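# Residue-level structural notes
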Amino acid sequence: MSLINQEALQEFRIICADLPAPPLFWKDGEGYRHGYESDLGRLLANTLGRSCKFAYQNWADFYPALQANQGEMILCGQGISDYRKTLADFTEPYAVFDEAVMVLRGSPVRSPADLVDKKVGAIANSLNMALAETFTGCICVPFGGDSDDVLGDMVQALREGKIDAFVDDDVALVPLAEEADLGIGFSMPTQNKWGIAVKKGNGQLLARVNDALATVKANGQLEQIWRKWMPSLSYPFGNN
């Protein structure tokens, strides 16, 4: 086996989005990827004796890319849903988040009852959309995730009045709420579990990644990067 092929086998290709979504992930001016999920990808690869490479895809292309072997795993904001479990196998959770509804600052929206006849956006086939569909009387507007920045698309649609609100996980919306014209209308304690997706049937890889995840939970490294990037959110896996 050539040296090049040996090196290729030592690299995990992590499918993810190339967009700014702090504190989960974003790139600096030199192209280095920061954030909780970025550090987690490197940590798991290192725990398994591998390096990692971020394989950027639009949100809508994650699972086709996984099926086409363009990456070994998806590590990018994937709440574990029944629908997604038809597309891939998932590890144990590496994060647990509640959901929130973003509105323009000054909006009177403070509960689901305030969304009757309102247009509410969310990523199609996501847990966020599943939550929006429980809001009685609202008009759900799916965003396909086939652009470079689906979160930015929802923010722009909100600012342009094309939607009245959108749903996402609280971790993604807290930084946005610091902008002058945006605010969180209300939160929902949904405790969505996020996992790493691997191609269906690849039980060996799934087991190895789960073992690495269990290791970094047990030795405190996962909690360390959680508290580094998200100190205001409670660490969901107990004290180490």
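Look up: the structure comes first, before these words.
Note that the structure is a prediction, hence the values are computed from the model and not measured.

Here the focus is the state of the cysteines. In total, this model carries zero disulfides according to the counting rule given. Looking at Cys138, it has no disulfide partner, and the nearest cysteine sulfur is the one in Cys140, 3.9 Å off.

In space, the five strands of this open sheet follow the order E9-E8-E10-E7-E11, with mixed pairing throughout. In the strand order of this sheet, the two ends are held by strand E9 (139-143) and strand E11 (182-194), each with one partner. Each strand axis lies, on average, 25° off the axis of its neighbour in the sheet, ignoring direction. Across nine bridges, strand E7 (residues 95-104) lies against E11 in antiparallel orientation. Paired with Ala100 across the strands is Ser187, a residue of E11. Sheet strands in contact with helix H5 (residues 150-159) are E7, strand E8 (119-123), E9, strand E10 (165-169) and E11, and its direction is about 155° off that of E10.

Counting 62 residues, the largest nonpolar core has Tyr36, Leu44, Phe62, Tyr94, Phe97, Phe166 and Leu176 as the members making the most contacts within it. With residues near it in sequence (within four places) discarded, Phe166 still touches Ala100, Val101, Met102, Val120, Gly121, Leu151, Met154, Val155, Leu158, Leu173 and Leu176. In terms of nonpolar packing, the next biggest core, distinct from the first, is built from 14 residues, Val103, Leu115, Ala122 and Cys138 among them.

Turning to the layout of surface pockets, a few remarks are in order. In this model, the largest pocket occupies a volume close to 210 Å³. Around the largest pocket, the lining residues are Trp59, Ala60, Tyr63, Pro64, Gln78, Tyr83, Arg84, Leu87, Ile123, Ala124, Asn125 and Gly144. Grouping the constituent residues of the lining of the largest pocket by class yields eight nonpolar, three polar and one charged. Counted as a void, the second largest pocket has a volume near 160 Å³. Considering the residues around the second largest pocket, the lining is formed by Pro20, Ala21, Pro22, Asp149, Leu151, Gly152, Val155, Gln156, Arg159, Ala172, Pro175 and Leu176. Of all the elements in the fold, those that place two or more residues in the lining of the second largest pocket are H5 and helix H6 (170-176).

Under the criterion given, the structure shown has one cavity of 30 Å³ or more. Roughly 230 Å³ of internal volume is contained in the largest cavity. Considering the residues around the largest cavity, the lining is formed by 20 residues, among which Trp59, Gly77, Ile123, Asp168 and Trp194 are closest to the centre. Elements with a minimum of two residues in the lining of the largest cavity: helix H4 (127-132), H5, E10 and E11.

Each value, and the rule that gives it
- Residues numbered from 1 in each chain as written.
- Predicted model: local features only at pLDDT ≥ 70, side-chain atom pairs only at ≥ 80, totals over all residues.
- Heavy atoms only, no water.
- Disulfide = S-S within 2.5 Å.
- Pairing = 2+ DSSP bridges.
- Helix = DSSP H or I, 4+ residues; strand = E, 2+ residues; numbered from the N terminus.
- Axes fitted to C-alpha atoms, helices over the stretch in contact; angles between N-to-C directions.
- Contact = heavy atoms within 4.5 Å.
- Core = buried A, V, L, I, M, F, W, Y, C linked by side-chain atoms within 4.5 Å.
- Buried < 20%, exposed > 50% of the residue type's maximum accessible area, 1.4 Å probe, protein only.
- 1 Å grid on protein atoms, 1.4 Å probe; cavity = no way out; pocket = protein on both sides within 12 Å on 5 of 7 lines; lining within 4 Å.
- Points joined across faces, edges and corners; volume = space filled by probe spheres on them.
- Nonpolar A, V, L, I, M, F, W, Y, C, P; charged D, E, K, R; others polar.

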